[in-house]
Amino acid sequence: MNETDAYVMAEADASAISLGPIGVFDSGYGGLTILRELRKALPGYDYLYLGDNARAPYGSRSFEVIYRYTLEAVRELFKRGCPLVILACNTASAKALRTIQQKDLPGIDPTRRVLGVIRPTVEILDKVSKTGHIGVLGTPGTVASESYVIEATKLFPYMSVAQQACPLWVPIVENSEAEGDGADYFVKKYIDELMAKDPQIDTFVLGCTHYPLLIEKIRRYAPSGIRILEQGQLVAESLKDYLRRHPEMECRLGRNGEVEFLTSENPDKFDVLASLFTHQSVESSRCSLD
């Protein structure tokens, strides 16, 4: 069966399928930068965003805790009708995605899918780096997992990947200090430390979805000529391609252009900060995770 035939059959069966939104999960607010780009690239679909703000940040937590929290969130999004969930969180993608895909999905529902943000980011590296020397700026959890190192060298064995944990960047963003002078100090500090590890780096990977809110300062302190990769557009293009190749999933997605926001924290608090990430007003509901 070719791709066209598969799409026609999928469309024919769509009336018998309960349509649901694309689930987007993050430990807090950063995944909203991914959601923003998904909605730009795929505006006709429905989305359900879940931020586990009450238990954020995930970056310094153990593998076991991150996996458990992420699985609880995935189950909640499945319960609310999402056939497809994007882990719009580098820490969750690094420490929980593979286990959920291989261990949990077959027992929960083998027709549903959970995708991450690391692979789509890594796949483009050979197209943007001329030296083959990559610098990853991420949370302590993402850096400790070495997921970017593993994925990049698996696809491109010749590449050299240096990493730098930036433990204060997320708190700076979430405390609305991204425009302050203190942010300049810590942005420069971590970039300088990364470049000291490998002066041949010509490409930065922003390995946390909060970091686009620091992009102007990152550009200011990055060496001249450095290519800076933000994940939102890369993940959006990857999802667009995924849905094109998987019409059996695409036909299960609601297409009313609607978006709903859930948080495990106080909705009023979430809405104020979320608007900085989405560039529009947000009204969320509280969701209990356990």
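The structure displayed is predicted, hence computed values, not measured ones.

Calculation criteria
- Residues numbered from 1 in each chain as written.
- Predicted model: local features only at pLDDT ≥ 70, side-chain atom pairs only at ≥ 80, totals over all residues.
- Heavy atoms only, no water.
- Helix = DSSP H or I, 4+ residues; strand = E, 2+ residues; numbered from the N terminus.
- Buried < 20%, exposed > 50% of the residue type's maximum accessible area, 1.4 Å probe, protein only.
- 1 Å grid on protein atoms, 1.4 Å probe; cavity = no way out; pocket = protein on both sides within 12 Å on 5 of 7 lines; lining within 4 Å.
- Points joined across faces, edges and corners; volume = space filled by probe spheres on them.
- Core = buried A, V, L, I, M, F, W, Y, C linked by side-chain atoms within 4.5 Å.
- Contact = heavy atoms within 4.5 Å.
- Disulfide = S-S within 2.5 Å.
- Phe/Tyr/Trp six-rings, centres within 6.5 Å; stacked < 30°, edge-to-face > 60°.
- Lys NZ or Arg CZ within 6 Å of the ring centre and 35° of its normal.

A.B. asks: Which residues make up unusual backbone geometry, and what values do they have?
C.D. replies: Cis geometry is found at the peptide bond from A56 to P57, where omega equals 0°. Its identity is not glycine, yet E146 carries a phi of approximately 60°, on the positive side. For E146, the position within the fold is in the loop between helix 8 (140–145) and helix 9 (147–155). Backbone geometry places H279, a non-glycine residue, at a positive phi of 65°. Summarising the element assignment, H279 is placed in the loop between helix 15 (267–278) and strand 10 (284–286). Taking relative accessible area as the criterion, H279 reaches 62% and is therefore assigned exposed.

A.B. asks: Explain the layout of surface pockets residue by residue, including any values.
C.D. replies: Reported here for the largest pocket is a volume of approximately 830 Å³. For the largest pocket, the lining is made up of 32 residues, of which L97, G116, I118, R119 and P120 are closest to its centre. For the lining of the largest pocket, the secondary structure elements donating two or more residues are helix 4 (90–95), helix 5 (97–108), strand 4 (113–115), helix 6 (118–122), helix 9 and helix 13 (231–245). The element that contributes the greatest number of residues to the lining of the largest pocket is helix 13, accounting for eight residues. By volume, the second largest pocket amounts to about 430 Å³.

A.B. asks: Break down the nonpolar core for me, citing the residues and quoting the values.
C.D. replies: Counting 54 residues, the largest nonpolar core has W169, F204 and L239 as its most contacted members. Top contributing element to this core by residue count: helix 11 (residues 181–197), with six residues. Apart from residues lying up to four places away in sequence, F204 is in contact with G135, L137, I191, L194, M195, A222, P223, I226, R227, I228 and L229.

A.B. asks: Give me the state of the cysteines: which residues, what numbers.
C.D. replies: Applying the stated criterion across every chain yields a total of zero disulfides. The structure places no disulfide on C251, whose sulfur is separated from the nearest cysteine sulfur, that of C82, by 16 Å. Given the relative accessible area of 2%, C251 is considered buried.

A.B. asks: Tell me about the packing of aromatic side chains, and please be specific about residues and values.
C.D. replies: One pass over the full model with this rule turns up 12 aromatic pairs. Relative to Y211, the ring of W169 has its centre 4.8 Å away and its plane inclined at 75°; by these criteria the two rings are edge-to-face. Of this pair, W169 sits in helix 10 (residues 169–174) while Y211 sits in the loop between strand 7 (203–207) and helix 12 (215–221), and the two are 42 residues apart along the sequence. This pair shows no difference in class: W169 is buried, exactly as Y211 is. Relative to F186, the ring of Y185 lies with its centre 4.9 Å away and its plane at 90°, an arrangement referred to as edge-to-face. Taking relative accessible area as the criterion, Y185 reaches 54% and is therefore assigned exposed. Geometry around Y69 places R55 over its ring, the cationic atom sitting 3.7 Å from the centre.

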